[in-house]
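Remarks on the overall topology
In case you want the letters, here they are:
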Amino acid sequence: MSDQENTEVDPSRGSFGTRFGFLMAAAGSAVGLGNIWKFPYITGEYGGGAFVLVYLGCIVIVGLPLMYAELIIGRRGGSDVFGALRNLTKKSGSSAGAALSSVAGVMAVLSGLFILSFYSVVAGWAVHFLGVSAGAIEAAPGGAGPTFTALFKSFEWSATWHTVFMIVTVVVVSGGINGGIEKICSRLMPGLIGILLLMLVYVGFTGGLGDSLKFLFAPSFDKLSMEAVVEALGHAFFTLSLGMGAMVTYGSYLKSDRGIVRDGVTIALIDTGVALLAGTVIFAVVFAGGKEAGAGPGLVFVTLPDLFDSMPGGTIIAIAFFVLLIFAALSSAISLLEVVVSFLVDRFGVNRKAAAAGLGVAIWGLGLLSANSSLTFGIPSALSGFLGEGDKAMLDVLDNLTTRVMLPLGGVLIAVTAGWLITKEDREAGFEHLDGGQTYAKAWTFLIRFVAPVLVLFVLLVKAEFISLG
Ligand code: PHE
């Protein structure tokens, strides 16, 4: 390995011990509630196959190029998301770049705070349902529907599980990269994939598989709206953990430029694979039980548990499913917190444990607003395209604000930075060792300079009604 590959590694920051550990942490960040809770229900709401196709297109055309961009910026910039962007734009002598990257950096850190605050509340619901499935918590009379409603409406319950989940997340991140994040994710991810495969085998016996595959993979374009396209694009960012520096931050703990292209592709493949697998399993259960696909956010908390209940070995399956959901959520929450923690540690020299604890409390506090479902905000009609219509709870406001606006916008800024505002050497460092690396580098540069930013901006502008499609 040449010295060049090892530029700017600061051993005091910590690093991943093994490539496998890095992959599990990064794939763990990507695979989360987005894959198992959100992907199935939005696919259900937007009608299945055509939505899935647009989502896959977004992953390939925008997600993959941005994945590499974030990892290489982190690796070469050798710092938290704010610092890494600044280091590289300064090095290239671009003052516009330095200014732009500061905006991107600040927005990334804010996205991390916002997302984790509501993410932890939803993850807490999974903890509650694990307790109910295992018989440790009493279900409300009438099954999962009333149980979910009671949980959703009870600030005390939602806040309790949110608190528990935040504490665990803080403890892991306090342990550092190698000793905390890598260690935990290397156990969670294989466990998660194992559970999912077992569930796939299970639904192979209980039926519904054919209908499920047809729903997910046979596109019917009449249901496809602009709304669905925006949702698919936003979800591609959310599910790959892009647009807010999670991959920049993890990339900064890599010791070499080598393998970054391959790793980026691997992470995206694992993430997409898990989403499709989870969707296949969930819709198989839904269709075998004669239920509707478009149940909305309650799909995995209302429709599924009732159906599990009537299936052979249902208790075990329900427990397995909620463990799966919690594993997925935890490894993502860890990465969300790490983005913000590394910002305080690298930028302001704050001690890691103090940063994790302090931020944990701040995010927990913000999350209490999402745990309180009776607190709603009237959305001005000018913003309803992005934030939803009418009165919205904090959880929805933050979910829509981050997924539909902040992550895509952050993605555009990161793409522009990677494409135009850093040196060619930094930009192409990950392609150097590949056979035909120059060709790949050219194709990637084209995508990240022109295609990704233009496409994302276009969708945002259409959505904001600056551009009308007639
Ligand atoms: N990718 C995670 C999921 O699919 C969410 C996430 C977004 C995590 C952004 C980190 C950063 O659930």
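Notes on the structure in this doc start here.

Reading the values: the criteria
- What you see as residue numbers is a count from 1 along each chain, following the sequence as written.
- A pLDDT threshold of at least 70 governs which residues receive local features in this predicted model, and a stricter bar of 80 or more applies before side-chain atom pairs are shown or counted, although totals over entire chains, interfaces and linings include all residues.
- Side-chain calculation: all heavy atoms of the structure are included, whereas hydrogens and water are not.
- By definition, any uninterrupted DSSP run of H or I lasting at least four residues is a helix, any uninterrupted run of E lasting at least two residues is a strand, and each is numbered from the N terminus.
- Only C-alpha atoms enter the radius of gyration, while the globule expectation follows 2.2 Å times N to the 0.38, with N the number of residues.
- Only protein chains enter the accessibility calculation, which uses a 1.4 Å probe. A residue is then buried if its area is under 20% of the maximum for its type, exposed if over 50%, and partly exposed in between.
- Only heavy atoms enter the contact rule, under which two residues are in contact if any of them lie within 4.5 Å.
- The span one expects for a helix is its residue count, reduced by one, times 1.5 Å.
- Among buried residues, the Ala, Val, Leu, Ile, Met, Phe, Trp, Tyr and Cys ones that are joined through side-chain atoms within 4.5 Å form a nonpolar core.
- Throughout this document, a residue counts as near a molecule or strand when at least one of its heavy atoms sits within 4 Å of that molecule or strand.
- Polar contact is defined as a pair of N or O atoms within 3.5 Å, subject to the rule that within protein one atom must be able to donate a hydrogen and the other to accept it, and that residues adjacent in sequence are counted only when both atoms are side-chain atoms.
- Method for areas: the Shrake-Rupley scheme with a 1.4 Å probe, in which residue coverage is limited to the protein chains shown.
- Gly counts as polar in this scheme, as do all residues outside two lists: the nonpolar Ala, Val, Leu, Ile, Met, Phe, Trp, Tyr, Cys and Pro, and the charged Asp, Glu, Lys and Arg.
- Stacked, tilted and edge-to-face are the three classes assigned to paired rings of Phe, Tyr and Trp, where Trp is represented by its six-membered ring and a pair needs centres within 6.5 Å; plane angles under 30 degrees give stacked, over 60 edge-to-face, the rest tilted.
- To obtain the arc, one takes the directions from the helix axis to the C-beta atoms.
- As a rule, the C-alpha atoms of each element are fitted with a line to give its axis, helices using only the stretch in contact, and angles between N-to-C directions run from 0 to 180 degrees.
- In this scheme, a crossing is called left-handed if the near helix is turned counterclockwise away from the far one by less than a right angle; it is called right-handed if the turn is clockwise.

Details of the overall build of the protein chain
A count of helical and extended segments in the protein chain gives 19 helices and two strands. In terms of overall dimensions, the protein chain is globule-like: its C-alpha atoms have a radius of gyration of 21 Å, near the 23 Å expected for 470 residues. Buried positions account for 58% of the 470 residues belonging to the protein chain. Relative to all contacts within the protein chain whose residues are 6 or more apart in sequence, the contacts with residues 24 or more apart total 80%.

Side note on the side chain of serine 373
Checked against the element boundaries, serine 373 lands in the loop between α15 (352-371) and β1 (376-378). Aside from chain neighbours lying at most four places away, what touches serine 373 is Phe152, Lys153 and Ala393.

Here's the deal with helix α7 (residues 155-174)
One full turn of an α-helix is made of 3.6 residues, so residues set three or four places apart face in the same direction. Between its first and last C-alpha atoms α7 spans 28 Å; for 20 residues at 1.5 Å apiece the expected length is 28 Å, and the two agree. Within α7 the residues assigned to the buried category are Ser158, Ala159, Trp161, His162, Phe165, Met166, Thr169, Val170, Val172, Val173 and Ser174. If you follow the buried residues of α7, they end up packed against α5 (95-133), α6 (144-153), α8 (177-206), α14 (314-348) and α15. Within two residues after α7, glycine 176 carries a phi angle of roughly 90°, on the positive side.

Quick word on the nonpolar core
Judged by nonpolar contacts, the single largest core of 161 residues is most densely connected at Ile267, Phe301, Phe308, Phe321 and Leu325. With residues near it in sequence (within four places) discarded, leucine 325 still touches Leu33, Ile36, Trp37, Ala126, Val300 and Phe301.

Some words on the site of the ligand
Taken together, 14 residues lie near the ligand, and Ala30, Gly34, Tyr119, Phe238 and Ser241 sit nearest. Asparagine 35 is positioned with one of its side-chain polar atoms (N or O) 3.3 Å from an oxygen atom of the ligand. Within the contact set of the ligand, an oxygen atom lies 2.5 Å away from a side-chain nitrogen or oxygen of tyrosine 119. Relative to its unbound accessible surface of 320 Å², the ligand loses 100% to contact with the protein. Its residues assigned to classes, the shell around the ligand shows six nonpolar, eight polar and no charged.

Considerations on the packing of aromatic side chains
Counting across every chain of the model gives 29 aromatic pairs. Consider the rings of tyrosine 119 and phenylalanine 238, whose centres lie 6.3 Å apart with planes at 50°: the pair is tilted. Of this pair, tyrosine 119 sits in helix α5 while phenylalanine 238 is found in helix α10 (residues 226-239), placing the two residues 119 residues apart along the sequence. Among the residues examined, tyrosine 119 registers a relative accessible area of 4% and is labelled buried. Classification of phenylalanine 238 by relative accessible area gives buried; the value is 11%. Taking 5.8 Å as the distance between ring centres and 15° as the angle between the ring planes, the aromatic pair formed by tryptophan 157 and tryptophan 161 counts as stacked. Note that tryptophan 157 and tryptophan 161 are positioned in helix α7 at a spacing of four residues, about one turn of the helix. Judged by relative accessible area, which is 37%, tryptophan 157 ranks as partly exposed. Judged by its relative accessible area of 15%, tryptophan 161 falls in the buried class. The structure contains a cluster of three or more aromatic residues connected by ring pairs, namely Trp125, Phe129, Phe148, Phe152, Phe301, Phe308, Phe321 and Phe322.

What about helix α9 (residues 209-217)?
Three or more residues of α9 are buried, namely Ser212, Phe215 and Leu216. For α9, the buried positions fall inside an angular range of 90° around the axis, keeping them on one side. Within α9, the exposed residues directed more than 90 degrees away from the buried face are Gly210 and Lys214.

Overview of unusual backbone geometry
In the Ramachandran plot, serine 241 falls in the positive-phi region, its phi being about 60° despite a non-glycine side chain. Among the structural elements, serine 241 can be located in the loop between α10 and α11 (246-251).

A closer look at the packing of helix α2 (residues 33-45) against helix α12 (residues 260-288)
Here α2 crosses α12 at 65°, and the two axes come no closer than 9 Å. The crossing of α2 and α12 is right-handed. Of α12, the residues touching α2 (which contributes Asn35, Ile36, Phe39, Pro40 and Gly44) are Asp271, Val274, Ala275, Leu276, Ala278, Gly279, Ile282 and Phe283. Residue composition of the contact of α2 with α12, by class: nine nonpolar, three polar and one charged.

Coordinates in, geometry out; function isn't part of it.
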